[in-house]
Amino acid sequence: MFSGVTGLINRGQKLKGTVVLMRKNVLDINELTSAQSASGIIGGAIGVIGGAIGTTVDTLTAFLGRSVALKLISATSADASGKGKVGKQTFLEGVITSLPTLGAGQSAFDIHFEWDTDMGVPGAFYIENFMQVEFYLVSLTLEDVPNQGTIHFPCNSWVYNSKLYKSDRIFFSNKTYLPGDMPAPLKKYREEELVVLRGDGTGERKEHERIYDYDVYNDLGNPDSNARLARPVLGGNTTFPYPRRGRTGRKPTKTDPKSESRSDSVYLPRDEAFGHLKSSDFLVYILKSASQNVIPQLQSALPLVGKTEFDSFEDVRDLYEGGIKLPTNILSDLSPIPLFKELFRTDGEQALKFPVPKIIQVDKSAWMTDEEFAREMIAGLNPHVIKVLKEFPPQSKLDKQLYGDNTSTITKQHVESSLGGVTVEQAISNKKLFILDHHDPLFPYLSKINKTTTKAYATRTVLFLQNDGTLKPVAIELSKPNPQGDNYGPISTVYTPTKQGVDGSIWQLAKAYVVVNDSCFHQLVSHWLNTHAVVEPFIIATNRHLSVVHPIHKLLLPHYRDTMNINALARNVLVNAEGIIESTFLWGGYSLEMSAVVYKDWVLTEQALPNDLLKRGVAVEDSSSPHGVRLLIEDYPYAADGLEIWGAIKSWVEEYVAFYYKSDAALVQDSELQAFWKELVEVGHGDKKNESWWPKMQTRAELVQTCSTLIWIASALHAAVNFGQYPYGGYILNRPTLSRQFMPEKGSKEYDDLAKNPEKVFLNTITGKKETLTDLTIIEVLSRHASDEQYLGQRGDGDNWTADTAPIEAFKRFGKKLVEIEQKLIQRNNDERLRNRYGPAQMPYTLLYPSSEEGLTFRGIPNSISI
């Protein structure tokens, strides 16, 4: 590979290089997540970035002199120990004032290396930082290397004072190697770097460290503060199995030695927490300031500014039209915080207005229709739960000894009048009946949940596929526990569609109970568990076992950006005991443990979109169809668009894998890949290590399918369940998160009230005003794209991520294919025959458009789970 190169470099020749780095700025993970005032931190950060560059501690001249040293390492010439020879120590020289390729906030420096004939070709380098402050090393580029031309060294890593490291920091060139193909002089360096990244599994992790290790979810509660805040350990047990998170090594709590103590700052491997340059890119930190500063301020202001509950639907719409009039002191506290000025659109009357959610931008009442209720099951926020109904009545898998008979009480008499003249048997045979089933996961917890201030039902919703391609709900079953005990089975009531009078209001409430369950399942399972949580073990295993020069590391790296960061924040303020999720969603204090129960049924191979569609029975295998499956609901926006994206991802991965693995045997012999996979299965997802469905990772086809599935989860699946949160759920009437009272029964005061003022009863039933403000504030941030977002088909490192031309060209083809797909999806949305694409709300399905601009756009597929 490097043959014939030695001797081409003249003795005493100097190699010219360019080092690109970024100075440490105030927008740093540890400073921003401290318990200081968010407005002070973030507001101050803007000043630093905007104009105080010259006044920062580490000015550009500080890097000159003997502050930063580099040493080249040979890839072709070894020393007596067999390791690549190390060149002389060299320091940064002059500042390059103009370099066209420099990104925002980046600085470039000249450097010249002495490199003698017998040193061969550089393949890596050491770097030492002798300053007290860390910096972010972007890259080193060597120019005019004899017989090589330009050699790029992509780095993208924080470099701290050298005394903090036990071994020198090393970076490799962008050449890509399987372990067996690594130039012999570099093999030991490659192995040693992975040992550093794995650590020894002991001690509390420090800020500067880059160690990746696993732990269970034992840091959600705070039992030392209050027994009420104790939470069970998720993972490492059969009761609550769970994917692993990144290990921090914090001390156990005094109350429970199995639980880890909490701290305001959570350790992340340092390069997982790269600080972005613009305030708008700090959505993760804005989220923290929202939970710790903004929401408490808004909630405390409610009693001061009038009603603490909504009285009418108009009151809810006033959040977007009239706004909330806030006292001057609270407004002045909130206004300095970047993003919130735009987030609430403060006007001259000191009213904070939320943006108008897309669901009501065209028609304020469309959300109430049965068609929109059903459409959102295939084109809404949680579009991958609905299943074909295979047996009637719907059955349950719950243990009858514990929970009695949970067979559905929905009968043919309930539904056949709505089936357009066909029988239930005919509808099932023709695959025209579907179900949104939120019964089994919820029923075992109902007795506990209903002892709190919330009142819940397990729900089943049966839908009929009509000739025009739309779905129509034909029955909703609400089930609650028998007062005599769970083992007596549920008490169930079935409701059927009615538009007029009190019965019409009852039907509207029945749909609301369904949506509340769907909102919880979406947030805790579809969104948190099935994307955020399941991906983290892959990130950890990749960094522990796949070298940065490994082709699969390079393939997957863009799809890991910021994920451990947002997950750590989530454990601190979103999914923790009495955090945002527990406070605003029906499942409350049982939220995460209920997701652990659902994880028992998680199967990696079923996360691939075609397999998911087949499992749910909404598609059938069809070799003549473009992606091998044919949709039973032809106008199924999420599935139809998703298959296009899935096909593009898989084609790209197939081409990439085929370039680096010429045979299945090469894959089997790849020691790093096999170690990665073994640990991912046995530790990262260790509670499911004995499942028979795990791929054996013995063939290229298995690798392609696994990588395609992982990329799909991190990009398109997450985009589909995340960026519609505010457009759909920003109008709490459409996506309520709580139910606070049971369905009114005939003869009761609530029933009489329903006849007199149905809007007020509806509002008293669903999420309250205080919780709504919390929910809207958070999901507005979660639904946004940062200005530096990297979308599917893009890479932040240009063409320098590998030295191999063929994969770069294949990646460009992937990007072009995604552009073509987006145009195809736009055409679909313009086809008025496809009613599910826009629905009564006139809200075209755009969540799987690959591209987007910054902000609240209801479109765009980022590479990774970054918010």
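Structural notes, computed from the coordinates. Each chain carries its own residue numbering, running from 1 in the direction its sequence is written. Given that this is a predicted model, residues contribute local features only at a pLDDT of at least 70 and side-chain atom pairs are listed and counted only at 80 or more, while totals for whole chains, interfaces and linings are drawn from all residues. Values shown for side chains rest on all heavy atoms present in the structure; no hydrogens or waters enter the calculation.

## Here we look at the packing of helix α19 (residues 637–660) against helix α22 (residues 700–722)
Thinking step 1. To get an axis, a line is fitted to the C-alpha atoms, and for a helix only the part in contact is used. The angle between two axes follows their N-to-C directions and goes from 0 to 180 degrees. A run of H or I in DSSP counts as a helix once it spans at least four residues, and a run of E counts as a strand once it spans at least two, with each numbered from the N terminus. In contact at an axis separation of 9 Å, α19 and α22 are set at 140° when each is read in the N-to-C sense. Compared by their axis directions, α19 and α22 come out oblique. Pair α19 / α22 crosses with right-handed handedness.
Thinking step 2. Ten residues, namely Ala, Val, Leu, Ile, Met, Phe, Trp, Tyr, Cys and Pro, are considered nonpolar, four, namely Asp, Glu, Lys and Arg, are considered charged, and the remaining ones, Gly among them, are considered polar. Considered class by class, the residues forming the contact of α19 with α22 number 14 nonpolar, five polar and three charged. Orientation is classified from the angle alone, with under 35 degrees giving roughly parallel, over 145 giving roughly antiparallel, 65 to 115 giving roughly perpendicular, and any other angle giving oblique. Working rule for handedness: look at the near helix, and if it is turned counterclockwise from the far one by less than a right angle, call the crossing left-handed; if clockwise, right-handed.

## Description of the environment of D213
Thinking step 1. Mapping D213 onto the fold places it in the loop between α3 (184–198) and β11 (214–215).
Thinking step 2. Distance from D213 to T248, taken between C-alpha atoms, is 8.2 Å for residues 35 residues apart in sequence.
Thinking step 3. What D213 contacts, discounting residues up to four positions off in sequence, is G201, R245, G246, R247, I540 and R544. In what follows, residue pairs with any heavy atoms lying within 4.5 Å of each other are defined as contacts.

## Some thoughts on the packing of aromatic side chains
Thinking step 1. Aromatic pairs are defined between Phe, Tyr and Trp rings, using the six-membered ring for Trp, whenever the two ring centres lie within 6.5 Å; interplanar angles under 30 degrees are classed as stacked, those over 60 as edge-to-face, and all others as tilted. Taken as a whole and judged by the stated rule, the model has 37 aromatic pairs.
Thinking step 2. Seen from their ring centres, Y217 and Y242 are 5.0 Å apart, and the 80° between their planes marks the pair as edge-to-face. On the criterion of sequence distance, the pair formed by Y217 in the loop between β11 and β12 (245–246) and Y242 in the loop between β11 and β12 is long-range, its members being 25 residues apart.
Thinking step 3. Measuring from centroid to centroid gives 6.0 Å for W652 and F814, while their planes differ by 10°, and the two rings are stacked. Here F814 lies in helix α27 (residues 805–829) and W652 lies in helix α19, a separation of 162 residues in the sequence.
Thinking step 4. Buried residues are those whose accessible area, probed at 1.4 Å on protein chains only, stays under 20% of the maximum for their type, while exposed residues exceed 50% and partly exposed ones sit between those limits. Overall, the relative accessible area of 4% leaves F814 in the buried class.
Thinking step 5. Each residue in the set Y217, Y242, W528, Y599, W602, F676, W677, W693 and W694 is aromatic and connected to the rest through ring pairs, giving one cluster.

## A short note on a positive patch on the surface
Thinking step 1. Exposure above 30% relative accessible area and no salt bridge define the residues that can form patches, which grow by joining like charges within 9 Å and nonpolar side chains of Val, Leu, Ile, Met, Phe, Trp and Tyr within 5 Å. Shrake-Rupley sampling with a 1.4 Å probe provides the accessible areas, and residues are treated as covered by the protein chains on show and by no other component. The salt bridge criterion pairs a side-chain nitrogen of Lys or Arg with a carboxyl oxygen of Asp or Glu, the two atoms within 4 Å. Positive charge is attributed to Lys and Arg, negative charge to Asp and Glu, and no charge count is given to His or to the chain ends. Charged groups are reduced to one reference atom each: NZ for lysine, CZ for arginine, CG for aspartic acid, CD for glutamic acid. Together, K387, K390, K397 and K431 make up a region of like positive charge exposed at the surface.
Thinking step 2. Structurally, the position occupied by K397 is in the loop between β15 (387–388) and α9 (400–403).

## A short note on the side chain of D670
Thinking step 1. With respect to the helices and strands, D670 occurs in the loop between α20 (664–668) and α21 (671–684).
Thinking step 2. Although buried, D670 forms no salt bridge, and the nearest oppositely charged side chain, R190, lies 5.9 Å from it.
Thinking step 3. Reaching out from D670, the side chain makes a polar contact with the side chain of H550 at a distance of 2.7 Å.
Thinking step 4. Beyond its immediate stretch of four places on either side in the chain, D670 contacts L178, P179, H550 and Y661. N or O atoms closer than or at 3.5 Å make up a polar contact, with two conditions inside protein: a donor-capable atom paired with an acceptor-capable one, and, for residues adjacent in sequence, both atoms drawn from side chains.

## Some words on the environment of P483
Thinking step 1. Mapped onto the fold, P483 is located in the loop between β18 (471–481) and β19 (490–495).
Thinking step 2. Each C-alpha atom, one on P483 and one on S447, is 8.9 Å from the other, the two residues being 36 residues apart in sequence.

Remember that the coordinates give geometry; whether it matters functionally is a separate question.
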